[in-house]
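Letter by letter, the chains look like this.
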Amino acid sequence: MAFQRYFISLVVILVCFLASSEAYNFFVGGKDGWVLKPSEDYSRWAQRNRFQVNDSVIFKYSKGSDSVLVVNKDDYYNCKKDSPAGSLEDGNSVFKFNRSGPFFFISGYGDNCEKGQKLIIVVLAVWHRAHGAPQPTSLPTPTPAPWTAAHPQPPSQSPSPSPVVSPAPAAGSPQADSPTGLATENAPGMGAPAPAPSSAAAVGDPVGFVAAVLGCFFFGLL
């Protein structure tokens, strides 16, 4: 039990140390400090830095000859000094950021604000951890190509041939006289038609007749 308490205390101390180690101090204007005409424009200086909650900015200037006023957005653009949210005048002014969002600073001396001695600082949200470190970007997830199952195409069906109709036989033809309309010589199961009697068989065979006459003639001579 005592070991667990010791371990938890150690973790809390470590977290506090890490949180405090992440706070940075920024000197406004660099080596020039808070002046009317710095070598680097204040807007450009603020843009190239990254500010987080608990970071601090330090304004260095001659005490009594200048000051820093913390104002709202409207007073910043109109250079109004009547009701600032905060006033820094000690010559080595430190301002700590206690929230995220924009902060507006102007010079409280004479017309220095109208001449350009003012500054906007945007403090990043709490989830931005590293100063000036690029945020990781997620790569786009490739979209899978749609999958379609291949279906075999059905075989093409050729049109069935139309039946051939035989022309009707002419009147008086053997096919027309047949009861079935077909020629008797082509009818299945029927033999060849009987041949018609020839004219030579009706009068007799002339060769046999001559042979018979000659035989009688020679028989008479004997």
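Residues numbered from 1 in each chain as written. Predicted model: local features only at pLDDT ≥ 70, side-chain atom pairs only at ≥ 80, totals over all residues. Heavy atoms only, no water.

1. Examining the overall build of the protein
What counts is decided by this rule: Under the DSSP-based scheme used, a helix requires at least four consecutive residues in state H or I and a strand at least two consecutive residues in state E, with every element numbered from the N terminus. Buried residues are those whose accessible area, probed at 1.4 Å on protein chains only, stays under 20% of the maximum for their type, while exposed residues exceed 50% and partly exposed ones sit between those limits. Note on contacts: a residue pair qualifies if any of its non-hydrogen atoms lie within 4.5 Å across the two residues. All accessible-area figures derive from a Shrake-Rupley calculation using a 1.4 Å probe, and residue coverage is judged against the displayed protein chains alone.
Regarding its fold elements, the protein presents 6 helices and 7 strands. When the helices and strands of the protein are listed from N to C terminus, the series reads α-β-α-β-β-α-β-β-β-β-α-α-α. The 222 residues of the protein split such that 23% are buried. Residue pairs in contact within the protein that sit at least 24 positions apart in sequence constitute 68% of those at least 6 positions apart. Of the roughly 17300 Å² that the protein leaves accessible, carbon and sulfur atoms contribute 62%.

2. A word on the confidence of the model for the protein
Selection criterion: pLDDT is a per-residue confidence score from the predictor, ranging from 0 to 100.
Per-chain confidence: the protein averages 71 in pLDDT, with 48% of residues scoring 70 or above. The model gives residues 148-152 a pLDDT under 50, and that stretch makes 0 contacts with residues more than four places away or in other chains. Contacts of residues 170-204 to residues separated by more than four positions or lying in other chains number 10 contacts, the stretch itself having pLDDT below 50.

3. So, the pattern of salt bridges
Any two side chains of opposite charge can pair, given that their charged atoms come close. For clarity, the cut-off: We define a salt bridge as a side-chain nitrogen of Lys or Arg found within 4 Å of a carboxyl oxygen belonging to Asp or Glu.
Taken as a whole and judged by the stated rule, the model has 3 salt bridges. A salt bridge links aspartate 111 to lysine 115; the shortest N-O distance between them is 3.7 Å. Classification of aspartate 111 by relative accessible area gives partly exposed; the value is 39%. With a relative accessible area of 55%, lysine 115 lands in the exposed category.

4. Observations regarding the state of the cysteines
Put simply, the rule reads: When the sulfur atoms of two cysteines come within 2.5 Å, that pair is taken as a disulfide.
In the structure shown here, the tally under the stated rule is 1 disulfide. Between cysteine 79 and cysteine 113 runs a disulfide, and the two sulfur atoms are separated by 2.2 Å. On the sign convention where negative is left-handed, the bridge of cysteine 79 and cysteine 113, at about -80 degrees about the S-S bond, is left-handed. Taken together, the positions of cysteine 79 in the loop between helix 3 (73-78) and strand 4 (86-88) and cysteine 113 in the loop between strand 6 (101-107) and strand 7 (118-123) put the pair 34 residues apart, joining distant regions of the chain. This pair shows no difference in class: cysteine 79 is buried, exactly as cysteine 113 is.

5. Notes on unusual backbone geometry
Despite not being glycine, asparagine 54 has its phi angle at roughly 80 degrees, a positive value. Relative to the helices and strands, asparagine 54 resides in the loop between helix 2 (42-47) and strand 2 (56-60). Positive phi is not limited to glycine here, since cysteine 79 has a value of about 55 degrees.

6. What about the environment of cysteine 79?
Cysteine 79 sits in the buried class, given a relative accessible area of 10%. For the pair cysteine 79 and phenylalanine 105, spaced 26 residues apart in sequence, the C-alpha to C-alpha distance is 9.8 Å. If sequence neighbours within four positions are ignored, cysteine 79 has contacts with Cys113, Glu114 and Lys118.

7. Notes on the sheet that holds strand 2
What counts here: Strand pairing follows a simple DSSP-based rule, namely that at least 2 bridges must link the two strands. Only the contacting stretch of a helix is used when fitting its axis, a line to C-alpha atoms as for every element, and angles between N-to-C directions run 0 to 180 degrees.
Taken in spatial order, the 3 strands make up an open sheet running 1-2-5, and their pairing is mixed. Looking at which strands have only one partner, the edges of the open sheet turn out to be strand 1 (25-27) and strand 5 (92-96). Averaged over all pairs of adjacent strands, the angle between their axes in this sheet comes to 25 degrees, without regard to strand direction. Bridge count between strand 2 and strand 5: 5 bridges; the pairing is antiparallel. Across the sheet, the residue bridging to lysine 60 is asparagine 92, located in strand 5.

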